[in-house]
Structure formats: structure tokens, C-alpha cells
Amino acid sequence: MNSQAAYPEGRGPIDVQLTPDEALALTGVEFKGNPKIKAEAQRKIRNAFEKTFDFSSEAR
């Protein structure tokens, strides 16, 4: 599936609120007691990107 991101004017930083545990999980720290921490952090980042950028296959 080929798609391109259509960036809005003035591409600025994307702000995502992560808990300290979520930030650590993204660096590779494993939480054996709660493996969903990393998945939750990734979901938050993916949602922030989807709200900011248009990833449709028709964007050029």
C-alpha cells in the first residue's frame, strides 16, 4: 500500500501526553506486569499523527 503524508502548512511539533511508564516503554523497557503500557503509548502517538497529518493514498 503506497501512501504519502500531506503535511499542513507550518509543520510544527506534535504534542503527545505520555505517562513516565509509557515513555520508558517506548525506549525498550519492558513492564512484565503490564505489557499493554507500550501499546497504549503507541496508540496515543498514532492518534496524534492521524489528527495532524492526512495519510490518505490520494494525498500528493
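Our subject is the structure listed above.
From a predicted model like this one, the values you see are computed outputs, not experimental measurements.

Thresholds, definitions, all that
Residues numbered from 1 in each chain as written. Predicted model: local features only at pLDDT ≥ 70, side-chain atom pairs only at ≥ 80, totals over all residues. Heavy atoms only, no water. Helix = DSSP H or I, 4+ residues; strand = E, 2+ residues; numbered from the N terminus. Expected span 1.5 Å × (residues − 1). Buried < 20%, exposed > 50% of the residue type's maximum accessible area, 1.4 Å probe, protein only. Arc of directions from axis to C-beta. Contact = heavy atoms within 4.5 Å. Salt bridge = Lys/Arg side-chain N within 4 Å of Asp/Glu carboxyl O.

Right, let's talk about helix 2 (residues 36–52) for a bit. The periodicity of an α-helix, 3.6 residues per turn, causes residues three or four positions apart to be oriented the same way. Helix length check: helix 2 (17 residues) gives 25 Å between terminal C-alpha atoms against 24 Å at 1.5 Å per residue, within 8%. Every buried residue of helix 2 is accounted for by Ile37, Ala41 and Ala48. Angularly, the buried residues of helix 2 cover 40° about the axis, an arc narrow enough to put them on a single face. Tucked inside the fold, the buried residues of helix 2 contact helix 1 (20–26).

Tallied over the full model, the rule gives three salt bridges. The closest approach of N and O atoms between Lys44 and Glu22, which form a salt bridge, is 2.9 Å. Of this pair, Lys44 sits in helix 2 while Glu22 sits in helix 1; the two residues are 22 residues apart in sequence, bridging distant segments of the chain. Since its relative accessible area comes to 23%, Lys44 is described here as partly exposed. Relative accessible area serves as the criterion here: at 7%, Glu22 is assigned to the buried category. In this structure, Glu40 engages Arg43 in a salt bridge whose closest nitrogen and oxygen atoms are separated by 2.3 Å. Highlighted residues: Glu40 and Arg43, both in helix 2, separated by three residues, approximately one helical turn.

The next thing to look at is the environment of Pro13. Within the secondary structure, Pro13 sits in the segment before helix 1. Sequence-wise, Pro13 and Thr52 are 39 residues apart; in three dimensions their C-alpha atoms are separated by 9.8 Å.

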